[in-house]
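# Working through the structure, step by step
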Amino acid sequence: MMVAVAKKALIYLATFAMLGAAYNYIGAATFAHSRALSLLTTLDEAIPFMPEMVFFYMSVHLFWLPAIVMPSFTTREFVRLVSLTSIAFFIALAMHYYAPSAYPRPTLSENDSSLSVAVLRFYYLLDPPNNTFPSTHCLVVAILLCAMRDRLRSLLRYCYEIWGALIFASTVLIKQHYVIDVIGGIMLGTLIFVLLYP
């Protein structure tokens, strides 16, 4: 069992190191002209800014843990899951490249010494405000929710779904994404799962 978990963890780390590099490359290549396209709506403006949600936003990597540690999720199945997630990710990156947009992030107060603002400030430095539509966070979470739906018992499934919903919400509450980015990410992730993971 531990060997299988280690294999799946290594597959995850290697794949998302590659995807992260591609994400950063596209972000850097489109940054200069990404502000030309704004997807801001009155709904986006009405959504409050909640920096403490950054912890849920960053937990997207931990969202893979059930698939990694569950014995019923074989290494072969995990490779299929990671492969289709990679396909969805590269489709999203193509959209980021050909239709770049950026979110007008709020200015973080230098006088705010809270942990959440400190973490969000650091995250803002790591992840530029572009690469918005569709949200790669949301497409990954959507795929994992589909994959784990029939593998978790009722209480665990509800907890997992609530966690996923909080990650969805965090993308707009920390002002990293537009509402349309969330919708697009969920739709793309679900579509790819339905088509490629029977």
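Okay, so let's go over this structure.

### Some points on the packing of helix 8 (residues 154-173) against helix 9 (residues 179-196)
For any two helices packed against each other, one specifies the crossing angle of their axes together with the interaxial distance. Viewed as axis vectors pointing N to C, helix 8 and helix 9 meet at an angle of 150 degrees, and their least axial separation amounts to 9 Å. It follows from the interaxial angle that helix 8 and helix 9 lie roughly antiparallel. The element helix 8 and its partner helix 9 pack so that their crossing is right-handed. Touching Phe168, Thr171 and Val172 of helix 8 are Val179, Val182 and Ile186, all from helix 9. Class assignment for the residues of the contact of helix 8 with helix 9 results in five nonpolar, one polar and no charged.

### What about the packing of helix 7 (residues 136-148) against helix 8?
Direction vectors running N to C along helix 7 and helix 8 enclose 170 degrees, while the axes themselves pass 10 Å from each other. Classified by the interaxial angle, the pair formed by helix 7 and helix 8 is roughly antiparallel. Taking contact as the criterion, the partners of His137, Cys138, Val141, Ala142, Leu144, Leu145 and Met148 in helix 7 are, on helix 8, Tyr160, Glu161, Gly164, Ile167, Phe168 and Thr171.

### What about the side chain of His137?
Along the chain, His137 falls in helix 7. Setting aside residues no more than four positions away along its own chain, His137 makes contact with Tyr57, Val60, Tyr123, Ile167 and Thr171.

### Focus: the environment of Tyr160
Along the polypeptide, Tyr160 turns up in helix 8. Each C-alpha atom of the pair Tyr160 and Leu40 lies 30 Å from the other, and the pair is 120 residues apart in sequence. A distance of 2.7 Å separates a polar atom in the side chain of Tyr160 from the backbone oxygen of Phe63.

### Some thoughts on the nonpolar core
Core analysis: the largest hydrophobic core is formed by 56 residues, its most contacted members being Trp64, Phe73, Phe78 and Leu81. Of all the elements in the fold, those that place two or more residues in this core are helix 1 (2-30), helix 3 (54-58), helix 4 (65-69), helix 5 (75-98), helix 6 (115-126), helix 7, helix 8 and helix 9. Considering every element that reaches this core, the biggest residue donor is helix 7, with 11 residues. If we ignore the near neighbours within four places in the chain, the residues touching Leu81 are Trp64, Ala67, Phe73, Ile143, Leu144, Ala147 and Tyr197.

### Quick word on the packing of aromatic side chains
All told, the structure shown has 14 aromatic pairs when counted by the stated rule. Residues Phe63 and Tyr160 carry aromatic rings whose centres are separated by 4.0 Å and whose planes lie at 10 degrees to one another, so their mutual orientation is stacked. Taken together, the positions of Phe63 in the loop between helix 3 and helix 4 and Tyr160 in helix 8 put the pair 97 residues apart, joining distant regions of the chain. Each member of the pair, Phe63 as well as Tyr160, carries the same accessibility label: buried. One cation-aromatic arrangement involves Arg80 over Tyr197; the distance from NZ or CZ to the ring centre is 4.4 Å. The ring centre of Phe73 lies 4.1 Å from the NZ or CZ of Arg151, which sits over that ring.

Procedures and definitions
Residues numbered from 1 in each chain as written. Predicted model: local features only at pLDDT ≥ 70, side-chain atom pairs only at ≥ 80, totals over all residues. Heavy atoms only, no water. Axes fitted to C-alpha atoms, helices over the stretch in contact; angles between N-to-C directions. Helix = DSSP H or I, 4+ residues; strand = E, 2+ residues; numbered from the N terminus. Parallel < 35°, antiparallel > 145°, perpendicular 65-115°, else oblique. Left-handed = near helix turned anticlockwise from the far one by under 90°. Contact = heavy atoms within 4.5 Å. Nonpolar A, V, L, I, M, F, W, Y, C, P; charged D, E, K, R; others polar. Polar contact = N/O pair within 3.5 Å; in protein donor to acceptor, adjacent residues only side chain to side chain. Core = buried A, V, L, I, M, F, W, Y, C linked by side-chain atoms within 4.5 Å. Buried < 20%, exposed > 50% of the residue type's maximum accessible area, 1.4 Å probe, protein only. Phe/Tyr/Trp six-rings, centres within 6.5 Å; stacked < 30°, edge-to-face > 60°. Lys NZ or Arg CZ within 6 Å of the ring centre and 35° of its normal.

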